[in-house]
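Listed below, chain by chain, are the residues.
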Amino acid sequence: MERHEIEAFLTLAEELHFRRTSERLGLAQGRVSQTIKQLERRIGVPLFERNSRRVTLTPVGRELRDDLAPAYRQVEAAYARAVAYARGVDGVVRVGFSSQWVADLVLDAGKEFRKKYPRCAVELHEVPLNNPLGPLRAGDFDLQLSEFPVAEPDLTTGPVIFSEPAALLVPARHPFARRDAVSVEDLAKTTLVTIAGDIPPLWTEHIYPRQTPSGRPIPHGASAPGFPEVQSLVASGAGVSIASLRARDYHARPGIVYVPLRDAPPIEYGLIWPTTRHTARVRAFVDAVLTRASRPPG
């Protein structure tokens, strides 16, 4: 396989969307489609199933992805290390994190990064929830690990690093507090407390939906600039809110119960960096996070 074929195949296997794949690779959509068809002809079986609504991997495609991806990441990492050695990965890499469980992963990756690049320091900075992309754009961070989705023309997103189940924060005396789990449909019976600020609508609509899957409206009520204020509003009875279930382990407090949202999509976390500032330091730290995330905790 040629390198451009491997890149096209692995990118499409990740995106499962020809337009997004072509945008990431900087190629015409027809060129990507042609490359995949040529590869399938040489292998002798389809690697993707395509219809008007979606693209999915075939069993052979999944096996090829699983075999190729680790090796290709090793090649990319080796190349990045060579470039880093030539250019010098030194100075400071400033990394944003959106929650403490994200910071834990970044800290672990930072330790391994420092062993490999002792001339480069790592600084951690918390991402403000009410302005999640502002510091990154302003140059305060070089990259950040935070909640998806993000689809901004000036920013590059890496793959999903990990995901967490969603939960509903409810007052301790709320009827939902006595349940083992609630449904997204139950949100129509509540009022959502949200985060407000300079937040992309795509992210807001994903985390704080305006309607249930069946189309019932979800009332939105008070908003707050940060998670502590959201907790205070929920505890006071102003409404309920949505967060990662893992927040329960870090932000438990009297008056609030975390109830799993059994049918909500998971909250996904990934790396984001300015497209025009994809430096050797950024690339090296991205590799460090991917490497750490691929191994079990501990």
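Use the structure listed above.
Everything in this summary refers to the structure shown in the same document. Please read all numbers here as calculations on a predicted model, not as lab measurements.

**Comments concerning the environment of Ala222**
Among the structural elements, Ala222 can be located in strand 9 (residues 220-224). Here the alpha-carbon distance between Ala222 and Thr191, two residues 31 residues apart in the chain, equals 8.5 Å. Dropping the residues within four chain positions of it, Ala222 is found in contact with Leu192, Val193, Thr194 and Leu233.

**Things to note about the packing of helix 1 (residues 3-15) against helix 2 (residues 18-25)**
Helix-helix packing: each pair is described by the crossing angle between the helix axes and the interaxial distance. Interhelical geometry of helix 1 versus helix 2 gives an angle of 130 degrees and a closest axis separation of 9 Å. With respect to helix 2, the axis of helix 1 lies oblique. Relative to helix 2, the crossing made by helix 1 is right-handed. Taken together, the residues of helix 2 that come into contact with helix 1 (itself represented by Glu7, Ala8, Thr11, Leu12, Glu14 and Glu15) are Phe18, Arg20, Thr21, Arg24 and Leu25. Per-class residue counts for the contact of helix 1 with helix 2 are four nonpolar, two polar and five charged.

**Some thoughts on the nonpolar core**
Note on soluble globular proteins: their nonpolar side chains tend to be buried together. Grouped together as the largest cluster of nonpolar side chains are 60 residues, with contacts concentrated most on Phe113, Leu143, Leu145 and Leu168. In contact with Leu145, other than residues within four places in its own chain, are Gly96, Phe97, Ser98, Val102, Leu105, Val106, Ile161, Phe162, Tyr269, Gly270 and Leu271.

Rules used throughout
- Residues numbered from 1 in each chain as written.
- Predicted model: local features only at pLDDT ≥ 70, side-chain atom pairs only at ≥ 80, totals over all residues.
- Heavy atoms only, no water.
- Helix = DSSP H or I, 4+ residues; strand = E, 2+ residues; numbered from the N terminus.
- Contact = heavy atoms within 4.5 Å.
- Axes fitted to C-alpha atoms, helices over the stretch in contact; angles between N-to-C directions.
- Parallel < 35°, antiparallel > 145°, perpendicular 65-115°, else oblique.
- Left-handed = near helix turned anticlockwise from the far one by under 90°.
- Nonpolar A, V, L, I, M, F, W, Y, C, P; charged D, E, K, R; others polar.
- Core = buried A, V, L, I, M, F, W, Y, C linked by side-chain atoms within 4.5 Å.
- Buried < 20%, exposed > 50% of the residue type's maximum accessible area, 1.4 Å probe, protein only.

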